[in-house]
Amino acid sequence: MHTDTQWEQLASRDHAADGEFVYAVATTGIYCRPSCKSRLPKRENVVFFTLPAQAEDAGFRPCKRCHPRQARITDPRLSLVQAVCDHIRAHIDQPEALTLKALGEHFGYEAGHLGEMFKATLGITPHQYAQMGRMDHLKTSLKNGTTITEAIYEAGFGSPSRVYSDGLIGMTPGAYRDGAPDTTIRYTVATCYLGALLIGLTERGVCAIGIYDDERAAESALTGEFPAAHLLRDDEALQATVNAILDTVEGTRPAPDLPLDIQATAFQWRVWDELRRIPRGETRTYSEIAAALGNPKAVRAVASACGSNHAAILIPCHRVIGKDGKLTGYKWGVERKRLLLEREAKQG
């Protein structure tokens, strides 16, 4: 089904489309069934999803007016995938119940077949979906004031060491909850043809790369993003990292494989991983990224994930363009996006 057809069904409040898809509104954070009687949103703010689970993974909440989860999903395969998602979320603290074998036995399907259907629909395996669910559960619990130990076990990680050794969270749960007050961020600002390049690192990896008009604006942005952290300018110690990133900016070599210490939703990470697969000198459209993720209707959600990127250059959101080939919005300025793409195209 094409987006234009979905929009027509939404605009006409077509009850027959309930269960075929849901739509989400970027400005409200809510998703609904097509027949919802709420005010018709602007088309540019609408994102379409096949399943409620996909909308929720992208950070949207179900509408309390039309209750989109209660709509009967018309495709049996999609209905099964939604049921598996719900089962995983309901048993997120029971890892033994969420193995592919256990899921197959619970739903009466051969494990491999169930896994293939799930991945074909959502673009990830049931195991990856469960891992993302545990992370969401952990972060929500921490922000609600649950103790670190309780939150880790409630999320089904089994032990605190799993959270850190597997690299499942950029900073410690306590630091995430409290705004990183005990985190030291070493940073530097370098000058390049794009302007002032800010680079910030924690002990775990790069937490910020931004392109600003001048050094003052760069430092002000870092302070605003990490107000509780200890910021330490360290030009000399970060020189090697700066040189590697500047070489990438100049187009003389690919982006260095540096560890990242940035916070994001599961959907944002999936988008960013896909962006890092785009070869230097090439571009992709937002539609192509959405299709590569197995959710071709999530174009606006992909655009939103690109806009929330805090690691410019390393996560090359500048390589994503509109379907008409135009350079759409870029967090650091469309002109900088044009310059980056031109430089990469010349260098290959």
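These figures come from a predicted structure and were not determined experimentally.

All right, on to the sheet that holds strand S5 (residues 184-192) then. Within the open sheet, the 4 strands sit side by side as S7-S6-S5-S8. Their pairing is mixed. Across the chains shown, the open sheet's two edge strands, defined by having one partner strand only, are strand S7 (206-212) and strand S8 (230-233). In this sheet, neighbouring strand axes are inclined to one another by 25° on average, regardless of whether the strands run parallel or antiparallel. Note that strand S6 (residues 195-201) and S7 share 6 bridges and pair antiparallel. When the sheet's bridge partners are listed, Leu-198 is paired in S7 with Gly-210.

The next subject is the confidence of the model for the chain. For the chain, mean pLDDT is 86; residues scoring 70 or higher make up 90% of the total. Looking across the chain, the model is least confident in helix H8 (residues 160-165), with a mean pLDDT of 49, and most confident in strand S9 (residues 284-285), with 96.

Among the nonpolar cores identified, the biggest contains 60 residues, and Phe-49, Leu-197, Val-271, Leu-275 and Val-302 are the most heavily contacted of them. In terms of residue count, the dominant contributor to this core is S7 (6 residues). Among all residues touching Phe-49, those that are not within four sequence positions of it are Phe-21, Val-22, Ala-24, Gln-54, Ala-55, Ala-58, Phe-60, Asn-295, Ala-298 and Ala-301. Membership of the second largest hydrophobic core comes to 21 residues, among which are Leu-51, Ala-53, Val-81 and Ile-88.

On to the sheet that holds strand S1 (residues 22-25), then. With mixed pairing, the 4 strands of this open sheet are ordered in space as S3-S1-S2-S4. Two strands lie at the open edges of the sheet, namely strand S3 (46-49) and strand S4 (61-62), each paired on one side alone. Bridge count for S1 against S3 is 4 bridges, and the pairing is antiparallel. Residue pairing across strands places Tyr-23 opposite Phe-48, the latter belonging to S3. Sitting on the sheet, helix H1 (residues 3-11) touches S1 and S3, and the angle it makes with S3 is about 105°.

Time to look at the state of the cysteines. Across all of its chains, the model carries 0 disulfides by this definition. Cysteine Cys-32 is unpaired, with the sulfur of Cys-63 as its nearest cysteine sulfur at 3.9 Å.

All chains considered together, the criterion is met by 16 salt bridges. For the salt bridge of Arg-69 with Asp-86, the shortest nitrogen-to-oxygen distance reads 2.8 Å. In this pair, Arg-69 sits in the loop between S4 and helix H3 (76-90) while Asp-86 sits in helix H3, placing the two residues 17 residues apart along the sequence. Here Arg-69 falls in the partly exposed class, since its relative accessible area comes to 38%. Classification of Asp-86 by relative accessible area gives partly exposed; the value is 29%.

Our next topic: the packing of H3 against helix H4 (residues 100-107). The packing of two helices is summarised by the inter-axis angle and the distance between the axes. Here H3 crosses H4 at 120°, and the two axes come no closer than 12 Å. As far as their axial angle goes, H4 and H3 are oblique. Crossing of H3 against H4: the hand is right-handed. Contacts from Leu-80, Ala-83, Val-84, His-87 and Ile-88 of H3 reach H4 at Leu-103, His-106 and Phe-107.

As for its placement among the helices and strands, Cys-36 is situated in the loop between strand S2 (30-32) and S3. On the basis of relative accessible area, Cys-36 is assigned to the buried category, the value being 1%. As for Cys-36 and Asp-18, which are separated by 18 residues in sequence, their C-alpha atoms are 9.2 Å apart. When near neighbours in sequence (up to four residues on either side) are disregarded, Cys-36 contacts Arg-13, Tyr-23, Cys-63 and Cys-66.

A few words now on the pairing of S1. Alternating positions in S1 separate into two faces, Val-22 and Ala-24 on one and Tyr-23 and Val-25 on the other, with burial throughout. Strand direction decides the pairing type here: S1 and S2, joined by 3 bridges, are antiparallel. Directly across from Ala-24, in S2, lies its bridge partner Tyr-31.

Rules of the game
- Sequence order sets the numbering: in each chain, residues are counted from 1 along the sequence as written.
- For a predicted model such as this one, the threshold for reporting local features is a pLDDT of at least 70, and the threshold for listing and counting side-chain atom pairs is 80 or more; totals across whole chains, interfaces and linings nevertheless cover every residue.
- Remark: hydrogens and water are excluded; side-chain values derive from all non-hydrogen atoms of the structure.
- Pairing between strands is defined by DSSP: at least two bridges between the two strands are required.
- Numbering goes from the N terminus for both helices and strands, where a helix is a DSSP run of H or I of at least four residues and a strand is a run of E of at least two.
- Between N-to-C directions, angles span 0 to 180 degrees; the directions come from axes that are lines fitted to C-alpha atoms, helices contributing only their stretch in contact.
- The predictor attaches a confidence to each residue, and that confidence, scored 0 to 100, is pLDDT.
- In this text, buried Ala, Val, Leu, Ile, Met, Phe, Trp, Tyr and Cys residues form a nonpolar core when linked through side-chain atoms within 4.5 Å.
- Only protein chains enter the calculation, and the probe is 1.4 Å; a residue is then buried if its accessible area is under 20% of its type maximum, exposed if over 50%, and partly exposed in between.
- The contact criterion used is simple: two residues touch if any of their non-hydrogen atoms lie within 4.5 Å.
- To count as a disulfide, a pair of cysteine sulfur atoms needs to be within 2.5 Å.
- Put simply, a salt bridge is a Lys or Arg side-chain nitrogen that is within 4 Å of an Asp or Glu carboxyl oxygen.
- We call two directions roughly parallel when the angle between them is under 35 degrees, roughly antiparallel when it is over 145, roughly perpendicular when it lies between 65 and 115, and oblique otherwise.
- In this scheme, a crossing is called left-handed if the near helix is turned counterclockwise away from the far one by less than a right angle; it is called right-handed if the turn is clockwise.

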